[in-house]
Amino acid sequence: MKVISTDRRDDAVPHKVTLSPIYSPMATIKCDGRAQFRSQQARDFACLLDLDPEVARWSTAPPLLRNGDDEYQLDFVVLTENGSFLIDVGQEEPSPPIWLSSAIESMGHRYRPVAMINFADSFRLRNAKDLLRYGFYRAPLGDRIRLLAGLEEMGSLTIAECLSAIREGRPMPTLASLILQGFLEIDLDDALISPETQVRRIRG
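These figures come from a predicted structure and were not determined experimentally. Throughout this description, residue numbers start from 1 for each chain and increase along the sequence as written. It should be noted that, the model being predicted, local features are given only for residues of pLDDT at least 70 and side-chain atom pairs only at 80 or more, the latter also being counted only at that level, while totals for whole chains, interfaces and linings use all residues. Heavy atoms throughout the structure, all of them, feed into the side-chain values; hydrogens and water do not.

Structural notes on the overall build of the protein
To keep things clear, this is the line we draw: Only runs of H or I of at least four residues qualify as helices and only runs of E of at least two qualify as strands under DSSP, and these elements are numbered from the N terminus. Exposure is judged per residue with a 1.4 Å probe applied to protein chains only, and the accessible area is read against the type maximum: over 50% gives exposed, under 20% gives buried, and values in between give partly exposed. Any two residues having at least one pair of non-hydrogen atoms within 4.5 Å are treated as being in contact. To be clear on the numbers: accessible area is Shrake-Rupley with a 1.4 Å probe, and residue cover counts the displayed protein chains and nothing else.
Each helix and strand counted, the protein has 6 helices and 11 strands in total. Burial status across the protein gives 47% buried among its 204 residues. Within the protein, contacts between residues separated by at least 24 positions form 59% of all contacts whose residues are at least 6 apart in sequence. Of the roughly 10500 Å² of accessible surface on the protein, a fraction of 49% belongs to carbon and sulfur atoms.

This is the structure in structure tokens:
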């Protein structure tokens, strides 16, 4: 899924997870409708969807698929500019019934199984969950303008430098909010977020 997100609205409001609080973090960014997860594994994968610039939006309300008396419930509908996917999440890779792929294709989607064990040591997942702790926070306009202007002039700044430039809001929530809303980007894959992590401006 290599698609530039179209969901970078300044007024986008995160949705709140409404099921058991064990499914944390509580905020989502690109969820379409109410977020109701079937497992912590599904919640973790949603964190990756929210930080994936290729994903436009996702939903936890995929259709219940049937073949005669057989039923199968998936976890997500994920929309990208290259099409839509029905996602099946498990700790290990799911083993769906043999009729599932053709049923999904007949609906105009593609099937993708996900084994969360593959992300057990992922810096991206840990960083995504850390950022989404601040998913309900709204960055003050003055801080947003100040950071964007500074990055326009400097090209990139460290997280420590960005935090020191924030005047109106709470420093880490403000910076995290701007990353989650698609104004800024950092490398999520190579290491945990640190004071030395480089921050860059995203141009829409």
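Don't stop here, the text continues.
Quick look at the sheet that holds strand E10 (residues 184-186)
Strands pair in a sheet through their backbones, by hydrogen bonds, and they do so in one of two ways: parallel or antiparallel. Short version of the rule: Here, any two strands with at least 2 DSSP bridges between them count as paired. Where helices are involved, their axes are fitted lines through C-alpha atoms of the stretch in contact, as for all axes, and angles between N-to-C directions lie from 0 to 180°.
Strand order in the open sheet made by the 3 strands is E9-E11-E10, with antiparallel pairing throughout. Only two strands of the sheet have a single partner each, and these edge strands are strand E9 (156-158) and E10. Across this sheet, the average inter-strand angle for adjacent strands is 35°, counted without regard to direction. As judged from the 3 bridges shared by E10 and strand E11 (residues 198-201), these two strands associate in the antiparallel manner. Within E11, the residue paired with Glu185 across the bridge is Arg200.

Notes on the sheet that holds strand E8 (residues 110-115)
Taken in spatial order, the 4 strands line up as E3-E6-E7-E8 in an open sheet, and their pairing is mixed. With one partner strand each, in any of the chains shown, strand E3 (57-59) and E8 form the two edges of the open sheet. Averaged over all pairs of adjacent strands, the angle between strand axes in this sheet comes to 25°, irrespective of strand direction.

Quick word on helix H4 (residues 141-154)
Rules: Helix span, expected: 1.5 Å multiplied by one less than the number of residues in the helix. What the arc measures is the spread of directions leading from the helix axis to the C-beta atoms.
The end-to-end C-alpha distance of H4 is 20 Å, a good match for the 20 Å that 14 residues give at a rise of 1.5 Å each. For H4, the set of buried residues is Asp143, Arg144, Leu147, Leu148 and Leu151. Taken down its axis, H4 places every buried residue within 125° of arc, on the same side. Along H4, the residues that are exposed and aim more than 90 degrees away from the buried face are Leu141 and Glu153. Where H4 is buried, its residues touch E9, helix H5 (159-165), helix H6 (171-180), E10 and E11. After H4 finishes, the residue Gly155 shows a positive phi value of roughly 90°.

Comments concerning the environment of Ile186
On the secondary structure map, Ile186 appears in strand E10. Residues contacting Ile186, with those up to four places away along its chain left out, are Ile179, Ile193, Thr197, Gln198, Val199 and Arg200.

Thoughts on the packing of aromatic side chains
Each pair of aromatic rings is reported with the distance of its centres and the angle of its planes. Rules: Two rings from Phe, Tyr or Trp (for Trp, the six-membered ring) form a pair when their centres are within 6.5 Å of each other. A pair whose planes differ by under 30 degrees is stacked, one over 60 is edge-to-face, and the rest are tilted.
Going through the model one piece at a time under the given rule, you end up with 4 aromatic pairs. With 5.9 Å between their ring centres and 55° between their planes, Phe45 and Phe76 make a pair best called tilted. Of the two residues, Phe45 is situated in helix H1 (residues 40-50) and Phe76 in strand E6 (residues 76-80); the sequence distance between them amounts to 31 residues. No difference in accessibility class separates Phe45 from Phe76, as the two residues are buried.

What about the environment of Val89?
Inspection of the secondary structure assignment puts Val89 in strand E7 (residues 83-90). You can call Val89 buried: its relative accessible area is 9%. Each C-alpha atom, one on Val89 and one on Phe76, is 8.5 Å from the other, the two residues being 13 residues apart in sequence. Excluding its chain neighbours within four sequence positions, the residues that come into contact with Val89 are Gln41, Ala42, Phe45, Asp75, Phe76, Pro94, Val114 and Met116.

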